[in-house]
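The lines below spell out each chain.
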Amino acid sequence: SFEGRVEVYHDGKWGTICDDQWDDRDAEVVCRQLGLSGTPKALSWAHYGQGSGPILLDEVQCSGNELSLDQCKKSDWGQQNCDHIEDAGVSCDPFTGTDVQLCQSDACCPFLLAPPAEGTLRLAGGRSPSEGRVEVYYNGDWGTVCDDGWTDLAAQVVCRQLGFR
């Protein structure tokens, strides 16, 4: 199943996210972080059941273009004013995985951190998640892309490949 309560791993433990400010832009980032495509949908009020561990995040406010929840505006880890009846959930379609898990009641499906696929792109060293030096994962390492022949069209392709609109 590619829907469930969102749990994050931080400081050696799994915990839930409070649904305050939770919307489809946050769901889009969770789906992207999990490597899942499709139409992301945010669900609130413990739609997929209440968690039992700590509530680790609150007031998550993603723009929708971030590559992971870490890049979104949010409360400090563990700073929240919620009960598990406010656990956030998402619905998204299949693709691959990272350090987030989706849960329904007490059954969890972890997506464990795996090395990126060959040819995966990322932006590094920018002032925001939507800008930076283009890097590509190849043969077990991240490397830069030479700017010889670099055009606006190439930049547009990179942006689309990273999920930016």
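The rules behind the values
- Residues numbered from 1 in each chain as written.
- Predicted model: local features only at pLDDT ≥ 70, side-chain atom pairs only at ≥ 80, totals over all residues.
- Heavy atoms only, no water.
- Helix = DSSP H or I, 4+ residues; strand = E, 2+ residues; numbered from the N terminus.
- Buried < 20%, exposed > 50% of the residue type's maximum accessible area, 1.4 Å probe, protein only.
- Salt bridge = Lys/Arg side-chain N within 4 Å of Asp/Glu carboxyl O.
- Pairing = 2+ DSSP bridges.
- Axes fitted to C-alpha atoms, helices over the stretch in contact; angles between N-to-C directions.
- pLDDT = per-residue confidence, 0-100.
- Contact = heavy atoms within 4.5 Å.

Bringing the environment of L36 into the picture now. Examined against the element boundaries, L36 turns out to sit in the loop between helix 1 (24-34) and strand 3 (41-43). The spacing of L36 and C92 is 56 residues in sequence and 6.4 Å in space, taken between C-alpha atoms.

This part takes up unusual backbone geometry. Notably, W45 is not glycine yet its phi reads approximately 50 degrees, a positive angle. Secondary-structure assignment places W45 in the loop between strand 3 and strand 4 (55-57). Owing to a relative accessible area of 58%, W45 belongs among the exposed residues under this scheme. In the Ramachandran plot, A46 falls in the positive-phi region, its phi being about 50 degrees despite a non-glycine side chain. Tracing the chain through its elements places A46 in the loop between strand 3 and strand 4.

It is worth spelling out the pattern of salt bridges at this point. Under the definition given, this model contains four salt bridges. Note that R5 and E7 form a salt bridge whose closest N and O atoms lie 3.0 Å from each other. Residue classification places R5 among the buried residues on the basis of a relative accessible area of 2%. Of the charged contacts in the structure, one is a salt bridge between R25 and D23, with a shortest N-O distance of 2.8 Å.

The strand order across the open sheet formed by three strands is 8-9-10, and the pairing between neighbours is antiparallel. Every other strand in the sheet has two partners, leaving strand 8 (121-124) and strand 10 (141-144) as the edge strands with one partner each. Going across the sheet, the axis of each strand differs from the next one's by a mean of 40 degrees, ignoring polarity. Pairing of strand 9 (residues 133-138) with strand 10 involves four bridges; the strand directions are antiparallel. Counterpart to V136 in the pairing with strand 10 is G143.

This paragraph deals with helix 1. Along helix 1, eight of the eleven residues are buried, which leaves the element largely enclosed by surrounding structure. Note on helix 1: the residue one or two positions beyond its end, G35, has a positive phi of about 80 degrees.

Another aspect to go through is the environment of D141. Summarising the element assignment, D141 is placed in strand 10. Accessibility expressed as a relative area gives 53% for D141, which makes it exposed. Between the C-alpha atom of D141 and that of E118, which follows or precedes it by 23 residues, the distance is 9.3 Å.

Moving on, we get to the pairing of strand 1 (residues 3-10). Relative to strand 5 (residues 89-91), strand 1 runs antiparallel, the two sharing three bridges. Bridge pairing in strand 5 places E3 opposite S91. In terms of strand pairing, strand 1 meets strand 2 (residues 13-17) through four bridges, oriented antiparallel. By the bridge assignment for strand 2, Y9 is matched with W14.

With that settled, consider the confidence of the model for the chain. Mean pLDDT over the chain works out to 81, with 82% of the residues at or above the 70 mark. Within the chain, no element has a lower average pLDDT than strand 7 (residues 107-111), which sits at 56, and none a higher one than strand 4, at 92. Low pLDDT (under 50) marks residues 94-99, which in the prediction has 27 contacts with non-local residues, meaning those over four places away or in another chain.

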